[in-house]
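Now for the letters of each chain:
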Amino acid sequence: MSHIAVTISAPAELKDILIAQLADTGYEGFEETADTLVAYIPEEAFDEQVVLGITGSHGLDYTKERIEQANWNAVWESNFQPVLVDRFCGIRAAFHEPLGAQVEHEIVITPKMSFGTGHHATTYSVIKLMEHIDFQGKKVFDFGTGTGILAILADRLGATETDAIDNDDWAVENALENAAGNHARALRIWQADRLDEVKSGEYDVVLANINRNILLANMAHMKRILKNHGLLILSGILQEDETTIVQAAAAEGLHMERKAEREHWLALSFSNS
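Residues numbered from 1 in each chain as written. Predicted model: local features only at pLDDT ≥ 70, side-chain atom pairs only at ≥ 80, totals over all residues. Heavy atoms only, no water.

A. Broad picture of the overall build of the protein. A count of helices and strands for the protein gives nine helices and 14 strands. Expressed as a percentage of its 273 residues, the buried residues of the protein come to 53%. (Helix = DSSP H or I, 4+ residues; strand = E, 2+ residues; numbered from the N terminus. Buried < 20%, exposed > 50% of the residue type's maximum accessible area, 1.4 Å probe, protein only.)

B. Expanded view of the pairing of strand E14 (residues 265–272). Of all eight residues making up E14, eight are buried, and the element is well covered by its neighbours. Burial along E14 is two-sided: the residues Trp265, Ala267, Ser269 and Ser271 and Leu266, Leu268, Phe270 and Asn272 are all buried. Looking at chain direction, strand E12 (residues 226–238) and E14 are connected through eight bridges and run antiparallel. Across the sheet, residue Leu232 finds its bridge partner in E14, namely Phe270. Alignment of strand E13 (residues 254–262) against E14, held across eight bridges, turns out to be antiparallel. Note on E14: the bridge partner recorded for Met256 is Phe270. (Pairing = 2+ DSSP bridges.)

C. Local environment of the sheet that holds strand E6 (residues 89–92). Across the sheet, three strands lie side by side as E5-E6-E7; this open sheet has mixed pairing. The open sheet has two free edges, formed respectively by strand E5 (83–85) and strand E7 (105–108), since each of these has just one partner strand. Within this sheet the neighbouring strands show an average axis-to-axis angle of 15°, counted without direction. Relative to E7, E6 runs parallel, the two being bridged by four bridges. When the sheet's bridge partners are listed, Cys89 is paired in E7 with His105. Set on the sheet, helix H5 (residues 149–156) makes contact with E6 and E7; between it and E7 the angle comes to about 140°. (Axes fitted to C-alpha atoms, helices over the stretch in contact; angles between N-to-C directions. Contact = heavy atoms within 4.5 Å.)

D. Structural context of the sheet that holds strand E11 (residues 203–209). With mixed pairing, the seven strands of this open sheet are ordered in space as E10-E9-E8-E11-E12-E14-E13. Each edge of the open sheet is held by one strand with a lone partner, namely strand E10 (187–191) and E13. Averaged over all neighbouring strand pairs, the angle between strand axes comes to 15°, with direction disregarded. One ladder, built from five bridges, connects strand E8 (residues 139–143) with strand E9 (residues 161–166); its direction is parallel.

Keep in mind these values describe shape, not function.
Quick look at the structure:
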């Protein structure tokens, strides 16, 4: 599968807004430099009018480039640096030196076009919240797994079973490769974009690092698949959307317990009690 890389010249204060707007229209991965934002989308989903509308509303310029699956490694290897989430978790590529005693848990990720390396504030913040959860003996569901990093971490932290889905076949392939490379013990990954067929009351912890609109559209389903006293961790939320998400969760009987903030993005933890 080929992707389109859209490079937007953007000031720092607009990047979070652009990411949120682009994610809502199907963009799956983002890279930030000092003065640009690069957004990736499958070629068949690319719509130039969408990009024109978003960039034009902010008075920004952009360029686009077609990227074949075969040359993606060269793209990410040139940009991917290890990420340390304090001393709790480190994420690196196979070509980096092991992190050793710097972190408690080390995960090796080959992201390809999939989202989730710890670089973006949303993934980083979910990992911060996961540090405070006892996963031993728990059953976990990761909705929109991307690279599989959160599901792999849950498995590493002692989850008895971890299920993960993504709507993109390339992401599923990537997550499966990363799970195998990290010797995940009890992790199942498959392609799906809906929670309709997931059993009610099945999971102790549900993770969803996606975007505002998908979170809102699936709030009832995420509550449904949680066990009593289970935990729901949501991210992909801009600070200005906190009230909207909290109110939607409260309407389903979910109570906010904790939050993590990074670069104008939030991760929120809710209890089902």
